[in-house]
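Here is what each chain is made of, one letter per residue.
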Amino acid sequence: KQEVTQIPAALSVPEGENLVLNCSFTDSAIYNLQWFRQDPGKGLTSLLLIQSSQREQTSGRLNASLDKSSGRSTLYIAASQPGDSATYLCAVFQGAQKLVFGQGTRLTINP
Amino acid sequence: DVKVTQSSRYLVKRTGEKVFLECVQDMDHENMFWYRQDPGLGLRLIYFSYDVKMKEKGDIPEGYSVSREKKERFSLILESASTNQTSMYLCASSFRKRFPYQPQHFGDGTRLSIL
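This section reports on the structure supplied with the text. In this numbering scheme, every chain counts its residues from 1 along its sequence in written order. Lettering for chains starts from A, numbering for ligands starts from 1, and both go in the order in which the items are written. Local features in this predicted model are restricted to residues whose pLDDT is 70 or higher, and side-chain atom pairs enter the listing and the counts only when it is 80 or higher, whereas totals over whole chains, interfaces and linings include all residues. Side-chain measures were taken over the full set of non-hydrogen atoms in the model, leaving aside hydrogen atoms and water.

Numbering of helices and strands runs from the N terminus, with a helix taken as a DSSP run of H or I at least four residues long and a strand as a DSSP run of E at least two residues long. Regarding its fold elements, chain A presents 0 helices and 11 strands. For a compact globule the rule gives 2.2 Å times the number of residues to the power 0.38, and the radius of gyration it is set against comes from C-alpha atoms. The globule rule puts the C-alpha radius of gyration for 111 residues at 13 Å, and the 13 Å found for chain A is close to it. With respect to the principal axes defined by its C-alpha atoms, chain A has extents near 40 × 30 × 20 Å. The contact criterion used throughout is that any non-hydrogen atoms of two residues lie within 4.5 Å. For chain A, long-range pairs separated by at least 24 residues make up 54% of all intrachain contacts whose partners lie at least 6 apart in sequence.

Here the focus is the overall build of chain B. Counting its secondary structure elements, chain B contains 0 helices and 11 strands. Element order for chain B, N to C, with α for helix and β for strand: β-β-β-β-β-β-β-β-β-β-β. On C-alpha atoms alone, chain B measures out to a radius of gyration of 13 Å, which is about the 13 Å that the 2.2 N^0.38 rule sets for 115 residues. When its C-alpha atoms are laid out on the principal axes, chain B stretches across 40 × 30 × 25 Å.

Residues and elements named next belong to chain A. Two strands qualify as a pair provided that DSSP identifies no fewer than 2 bridges between them. Read across the sheet, 5 strands follow the order β1-β3-β8-β7-β6 without closing on themselves; strand pairing throughout is antiparallel. Looking along the sheet, the strands with just one partner apiece sit at the ends: β1 (4-7) and β6 (56-59). On average, each strand axis in the sheet is tilted by 15° relative to the strand beside it, whichever way the strands run. In the sheet, strand β7 (residues 62-67) pairs with strand β8 (residues 72-77) via 6 bridges, with the strands oriented antiparallel. For leucine 66, the partnering residue across the bridge sits in β8 and is serine 73. Only the contacting stretch of a helix is used when fitting its axis, a line to C-alpha atoms as for every element, and angles between N-to-C directions run 0 to 180 degrees.

Residues and elements named next belong to chain B. Read from one edge to the other, the open sheet built from 4 strands follows the order β1-β3-β8-β7, with strand pairing classed as antiparallel. On the outer flanks of this sheet lie β1 (4-6) and β7 (64-70), each paired with one strand and no other. Between one strand and the next, the sheet's axes are offset by a mean angle of 20°, whatever the strand orientation. Inspection of the sheet shows strand β3 (residues 19-25) paired to strand β8 (residues 73-78) by 6 bridges, in the antiparallel sense. Residue leucine 21 lies in a different strand from β8, and its bridge partner there is leucine 76.

Think of it this way: a Phe, Tyr or Trp ring, Trp meaning its six-membered ring, pairs with another when their centres are within 6.5 Å, and the plane angle makes it stacked under 30 degrees, edge-to-face over 60, tilted otherwise. According to the stated counting rule, one finds 8 aromatic pairs over all chains in the structure shown. Measuring from centroid to centroid gives 5.6 Å for phenylalanine 101 of chain A and tyrosine 35 of chain B, while their planes differ by 90°, and the two rings are edge-to-face. Here the residue phenylalanine 101 of chain A occupies a position in strand β10 (residues 99-101), and tyrosine 35 of chain B occupies one in strand β4 (residues 31-38), the pair thus bridging two chains. Of the two residues, phenylalanine 101 of chain A and tyrosine 35 of chain B, neither departs from the other in class, the shared state being buried. Every member of this aromatic cluster is reached through a ring pair, and the members are Phe36 and Phe101 of chain A together with Phe33, Tyr35, Phe48 and Phe106 of chain B. Whether a residue is buried, partly exposed or exposed follows from its accessible area with a 1.4 Å probe, protein chains only, as a fraction of its type maximum: under 20%, in between, or over 50%, in that order.

Moving on, we get to the state of the cysteines. Residue and element names in this part refer to chain A. Disulfides are defined as pairs of cysteine sulfur atoms found within 2.5 Å of each other. Counted under the stated rule, the structure contains 2 disulfides over all chains. Paired through a disulfide, cysteine 23 and cysteine 90 show a sulfur-sulfur distance of 1.9 Å. Here the S-S torsion is close to 75°, and the disulfide linking cysteine 23 with cysteine 90 is therefore right-handed. Linking cysteine 23 in strand β3 (residues 19-25) with cysteine 90 in strand β9 (residues 86-93), this pair joins segments that are 67 residues apart in sequence. Each member of the pair, cysteine 23 together with cysteine 90, is buried.

The structure is reproduced here in structure tokens:
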């Protein structure tokens with residue numbers, strides 16, 4: 001059974017820093033991986049989708065990488081801003097097009 | 001832009017009531033999903049549907065049923081609500097035929113309290 005782990009559970013950094021969020025998964029037979037952002041009390045906003053054949057995807061200040069063989073993905077946020085404060089979730093797609101989620105990393109950017 | 005709309009942001013019901021949560025998407029997606037999200041447990045899949053009138057059980061289907069009479073609408077039904085079904089419920093949708101090239105899109109969630 002696929003398990004997705006995100007470490008750390010919470011992270012607090014000063015504004016302007018570059019930071020990396022980590023995601024690991026136990027079964028490398030995935031179709032793709034998706035990173036989401038969730039603001040308190042809200043739904044999930046899709047940030048990036050990396051297909052299993054890709055190594056990375058970029059959107060603005062965000063860059064996500066995928067290493068299937070080692071079962072790892074990272075989300076890099078450049079020049080962090082207070083508006084980046086949120087919970088970040090990674091999820092992997094497996095059979096039947098279902099997502100398996102990690103528990104998330106709660107990120108706080110301090111002004 | 002993809003729009004997944006959940007009918008209520010907040011809902012309060014009583015134990016034993018039959019509860020309906022509605023979800024509508026406007027992108028002609030084949031797949032629709034219902035999740036619940038609880039602190040410490042993360043997001044768990046309740047049911048999903050890959051076509052009209054089709055449904056598949058997810059990881060935690062007990063106490064729930066679903067209905068998909070039209071492509072754009074997917075309903076979650078709590079047959080007899082219990083306090084342990086108090087949770088945040090999230091609906092999502094995606095293209096089946098364009099998998100794995102398209103992401104899954106989520107609604108804003110319904111925070112359901114069962115008293």
